[in-house]
Amino acid sequence: MPSASLPTVIITGASSGVGLAASKALADRGWRVVMACRNLVRAAEAADEVGIPQCSRILLPLDLGSLESVRIFVRSFRKMDLPLDALVVNAAVYLPLLKQPRRSPEGYELTVATNHLGHFLLSRSLLPDLEKSKRHPRLITLGTVTANSEEFGGKIPIPAPANLGDLSGLEAGFRDPVAMIDGRPFRAGKAYKDSKLCNMITSRALHQRYHGSSGIVFSSLYPGCVADTALFRATPPLFQKIFPWFQRNITKGYVSQELAGGRSQHAIRSMNQRDNLHVVRQQWLVMRDIVLPALADFSTMDFLQGVHLRSRAYVSHVQRILSAIRSCTQDICALHRAM
């Protein structure tokens, strides 16, 4: 039975890309990572390759395209009797070349079913588990600028900007022949953008509805353009070569998987640094109330001439100064390493 003392995070899509990098970054900082993935063999191989210790990881099967798989995952996690301190909504599928929609086992268009509906059910189901956390629980949603109409990437009309319309597709049941949230004809690339827009809207709505009563912080994070992940495996080969180059050299928006994973783990752990910020404040008070007054006791000329060099008062003051500086430096350095 895994120890219940470690902070625990569930990361969907943890077998590659940002999810894998975030898993590694959190495991390195003492977290237990539940890697929720469709292919556990691939997940185990990836975890071994990047050096996530077996004692820091738990692999659980999850196919977000199947609502029944989500329910089974939640039951499996609860059987382990572990705390849940953070949930990272990361996994996604992007199938821009499809001409006709694929369907989930429940009959919903597969991109929206995987990226949004599955994550919505997972998030809603695990809220009671997060609420029990003693470590400032968080639910982090990985977003994208392509779903944000305020960003340049969200204005690009290829094939169309994200637009949920009046949600008529959902109102109609979102089953065949309906394949788009706005009820319009199917466009695979837009289905991805719409699903990510739903993710970000849901994050904001959950925070407004549940943060006050539960203490859970819900936030959406865009870690940068990670242009070379498995998310793009279903795009044309030429795109897979040009897109990373374009992001590196033209837009300058490219970030590595490791950097994006590091940003994700920092967002997860930032609330858990609240107590450390209190330590820094206390050390500043020590500096203000002890160190600075001690320094003020000496004039520059007295110090340079060494008038009080041998006096007990001088030695006492110097010891107080050095002790306070040493204490402040150690605490602030420890906080920096923890961050």
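Structural notes, computed from the coordinates.

Quick notes on helix α3 (residues 67–79)
Piece 1. Compared with the 18 Å implied by 1.5 Å per residue over 13 residues, the 19 Å span of α3 between its first and last C-alpha is a close match.
Piece 2. For α3, the complete set of buried residues consists of L67, S69, V70, F73, V74 and F77. Looking down the long axis of α3, one finds its buried residues gathered within 155 degrees of arc, a one-sided arrangement.
Piece 3. Buried positions along α3 lie against β1 (8–12), β2 (32–37), β3 (57–61) and α4 (110–131).
Piece 4. Phi turns positive one or two residues past the end of α3, at D81, with a value near 55 degrees.

Structural notes on empty space enclosed by the protein
Piece 1. The tally for this structure, following the rule as stated, stands at one cavity of 30 Å³ or more.
Piece 2. In this structure, the largest cavity occupies an estimated 90 Å³ of space.
Piece 3. Lining the largest cavity are V89, H116, H119, F120, S123, R124, L139, T141, N199, T202, S203 and L206.
Piece 4. Only α4, β5 (138–142) and α7 (188–214) provide two or more residues apiece to the lining of the largest cavity.
Piece 5. Per element, the largest residue contribution to the lining of the largest cavity is five residues, and it comes from α4.

Let's talk about the pairing of strand β4 (residues 86–89)
Consecutive side chains along a regular strand alternate between the two faces of the sheet.
Piece 1. Burial along β4 is two-sided: the face carrying A86 and V88 and the face carrying L87 and V89 are both buried.
Piece 2. In terms of strand pairing, β1 meets β4 through three bridges, oriented parallel. What sits directly across from I11, in β4, is V88.
Piece 3. Here β4 runs beside β5; their pairing, made up of four bridges, is parallel. Within β5, the position partnered with L87 by the bridge is L139.
Piece 4. Taken together, β4, α4 and β5 form a β-α-β motif whose crossover is right-handed.

Calculation notes
- Residue indices begin from 1 for each chain and proceed along its sequence in written order.
- The predicted origin of the model limits local features to residues at a pLDDT of at least 70 and limits the giving and counting of side-chain atom pairs to 80 or more, whereas totals for whole chains, interfaces and linings rest on all residues.
- Note that the side-chain values use all heavy atoms of the structure and ignore hydrogens as well as water.
- Secondary structure elements follow DSSP: runs of H or I of four or more residues count as helices, runs of E of two or more count as strands, with numbering from the N terminus.
- A helix is expected to reach a length of 1.5 Å times the quantity of its residues less one.
- Categorising residues by exposure relies on relative accessible area from a 1.4 Å probe, with only protein chains included: less than 20% of the type maximum marks a residue as buried, more than 50% marks it as exposed, and the intermediate range marks it as partly exposed.
- Here the arc refers to the directions that run from the helix axis out to each C-beta atom.
- Note on contacts: a residue pair is in contact if any heavy atoms of the two residues lie within 4.5 Å.
- Lining residues are defined by having an atom within 4 Å of a point belonging to a cavity or pocket. Those points lie on a 1 Å grid over the protein atoms alone, cavities being sets where a 1.4 Å probe fits but cannot get out and pockets being open sets with protein on both sides within 12 Å along at least five of seven lines.
- Grid points are joined across faces, edges and corners, and a volume is the space filled by probe spheres set on the points.
- Pairing between strands is defined by DSSP: at least two bridges between the two strands are required.
- For a crossover, the right-handed case is the one in which the path from the first strand over the helix to the second runs clockwise, viewed with the strands pointing away from the viewer.

Read these as spatial facts, not as claims about activity.
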